[in-house]
Amino acid sequence: MSHDNCLFCKIASGEIPSTKVHEDEDFVAFKDIHPAADTHVLVIPRKHVETLSNCTQSDAPLLGKMMILVARLADELGCAYTGGDTGFRTVINTGPGGGQEVYHLHAHILAGPRPWKRMG
Ligand code: 5GP
Ligand code: ZN
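Residues numbered from 1 in each chain as written. Chains lettered and ligands numbered in written order. Predicted model: local features only at pLDDT ≥ 70, side-chain atom pairs only at ≥ 80, totals over all residues. Heavy atoms only, no water.

Under an unreviewed UniProt entry, the protein chain has the name Histidine triad nucleotide-binding protein and belongs to Trinickia dinghuensis.

Here we come to the pairing of strand S1 (residues 20-23). Within a regular strand, side chains alternate between the sheet's two faces. Where S1 meets strand S2 (residues 27-31), three bridges bridge the pair, whose relative direction is antiparallel. Across the sheet, Glu-23 pairs through a bridge with Val-28, a residue of S2. Taking the residues between adjacent antiparallel strands as the criterion, S1 and S2 are bridged by three residues. (Pairing = 2+ DSSP bridges. Helix = DSSP H or I, 4+ residues; strand = E, 2+ residues; numbered from the N terminus.)

Mapped onto this numbering, the UniProt entry annotates "active site" (unreviewed entry) at His-106. When you line up the elements, His-106 lands in the loop between strand S4 (89-91) and strand S5 (107-111). The class for His-106 is buried, based on a relative accessible area of 5%. Among residues more than four places away in sequence, those in contact with His-106 are Phe-8, Leu-42, Val-43, Ile-44, Met-66, Val-91, Ile-92 and Gln-100. Only 2.7 Å separates the side chain of His-106 from the backbone oxygen of His-104, close enough to count as a polar contact. (UniProt positions renumbered as here; feature names shortened; annotations may be inferred. Buried < 20%, exposed > 50% of the residue type's maximum accessible area, 1.4 Å probe, protein only. Contact = heavy atoms within 4.5 Å. Polar contact = N/O pair within 3.5 Å; in protein donor to acceptor, adjacent residues only side chain to side chain.)

Here we take up the site of ligand 1. Taken together, 16 residues form the shell around ligand 1, and within it Asp-32, Asn-93, Glu-101, His-106 and His-108 come nearest. Within the side chain of Asp-32, a nitrogen or oxygen atom sits 2.5 Å from an oxygen atom of ligand 1. At 3.2 Å from a nitrogen atom of ligand 1 is found a main-chain nitrogen or oxygen belonging to Ile-33. Residue assignment for the shell around ligand 1 shows that the elements contributing at least two residues are helix H1 (7-13) and S2. Examining the composition of the shell around ligand 1, we find that three residues originate from one element, H1, more than from any other. Its residues assigned to classes, the shell around ligand 1 comprises seven nonpolar, six polar and three charged. (Near = heavy atom within 4 Å. Nonpolar A, V, L, I, M, F, W, Y, C, P; charged D, E, K, R; others polar.)

Right, here's the structure in full:
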């Protein structure tokens, strides 16, 4: 899917509304519209990258920053791993085989009491 017709590019730009929990120069994070758990946030780069399989060595800084942001947001959302039974799940679905529905790279952050709803 092209950048022009991409749902998450439109969410990043604000053209389509979302409940944002974070915004910076490179990334946007917002609540999933169909949450599978009490905490379900999507972290996306502003740059339109279709899938993890499209990433190359030149995307390493972007992916590194994205994972650090995931950990920081998990902390802010109150679900960081701080010992005991705390923590969260990070999921990146890639391609139809991985259950990807929106073709703009995104990391799911999921946390909260089980059971969680099925994703994909
Ligand atoms: P995927 O299956 O591609 O990994 O995940 C896409 C996710 O985007 C799904 O969990 C779905 O609920 C979420 N989603 C789809 N459309 C929208 C939308 O318009 N707004 C928000 N906030 N989330 C969406
Ligand atoms: Zn996009």
